[in-house]
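# Structural characterization, general
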Amino acid sequence: GGGAGELRVVGEALARRIEKSYGLPHGWMDDPAAMEGDDAVSDHPLDGFTLIPRFEAEASMGLGLEAPEQDALAGHLAFKHVWLQKRRLNPNYLTIIDAVGDSMYPTIIDGDALLVDLRQKEPQDNRIFVLRMNQQLYAKRLQFRPNNIIHVQSDNPNSPAFDINLSQETGLDIIGRVVWAGKDL
């Protein structure tokens, strides 16, 4: 799937918690018309917002963390529709994971929530991506070099950078581009 009007499937317990958190009537999330209809949600606290799933997967900003075989849903964060549209982000291809480590400091710090666009898998110069290498997840800045080389750089000068030759089989998977980071203060 992945169409713009497609609903995400959430478990019964999570649906009830979301309803309770937002003061929604029991069963509201089970009714597709309530979640899509313009008139059904106009005075509702979720009106104008999209819930983006937050998974327990963590992107290391250091030595790497083992990618889980199956990510567990840890909750959701709400983003304004207008904010997502202005950035041309499709909510069906967004996910949130947590940053771990200090190699991307000061741009991203340990514990930040990273909004990742799973559609953006083509390397872009000087952008931050979530990468999977040898079953480890990393959040790193990518920089283009001559001869099909990508320089994988940390923002923290104390963290070593390395190069990857895209012409060779590297075991590198670009999961998606980090488009936003949020933090607790």
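Residues numbered from 1 in each chain as written. Predicted model: local features only at pLDDT ≥ 70, side-chain atom pairs only at ≥ 80, totals over all residues. Heavy atoms only, no water.

A word on the packing of aromatic side chains. This model, assessed by the stated rule, comprises two aromatic pairs. Geometrically, the ring pair formed by Phe79 and Trp180 is edge-to-face, given 5.0 Å between the ring centres and 85° between the ring planes. In this pair, Phe79 sits in strand β3 (residues 73-80) while Trp180 sits in strand β10 (residues 172-182), placing the two residues 101 residues apart along the sequence. Trp180 gets classed as partly exposed once you look at its relative accessible area, which sits at 27%. Chaining the aromatic ring pairs together yields one cluster made of Phe79, Trp83 and Trp180. (Phe/Tyr/Trp six-rings, centres within 6.5 Å; stacked < 30°, edge-to-face > 60°. Helix = DSSP H or I, 4+ residues; strand = E, 2+ residues; numbered from the N terminus. Buried < 20%, exposed > 50% of the residue type's maximum accessible area, 1.4 Å probe, protein only.)

As a further point, take unusual backbone geometry. Of note, the bond from Tyr105 into Pro106 is cis; its omega dihedral lies within 30 degrees of zero at 10°. Looking at the secondary structure, you find Pro106 in the loop between β4 (94-100) and β5 (113-117). Phi angles above zero are rare outside glycine, and Arg88 is one such case at about 55°. Topologically, Arg88 is positioned in the loop between α3 (81-86) and β4. Under the relative-accessibility criterion, Arg88 is labelled exposed at 73%. Even without being glycine, Asn148 reaches a positive phi, approximately 65°.

Looking at the element boundaries, Ser154 is found in the loop between β8 (149-153) and β9 (162-165). Taking the relative accessible area as the measure of exposure, Ser154 reaches 3% and is therefore buried. A distance of 2.7 Å separates polar atoms of two side chains, one belonging to Ser154 and the other to Lys140. With near-sequence residues (within four places) excluded, Ser154 lies in contact with Ser103, Met104, Lys140, Ser159 and Pro160. (Polar contact = N/O pair within 3.5 Å; in protein donor to acceptor, adjacent residues only side chain to side chain. Contact = heavy atoms within 4.5 Å.)

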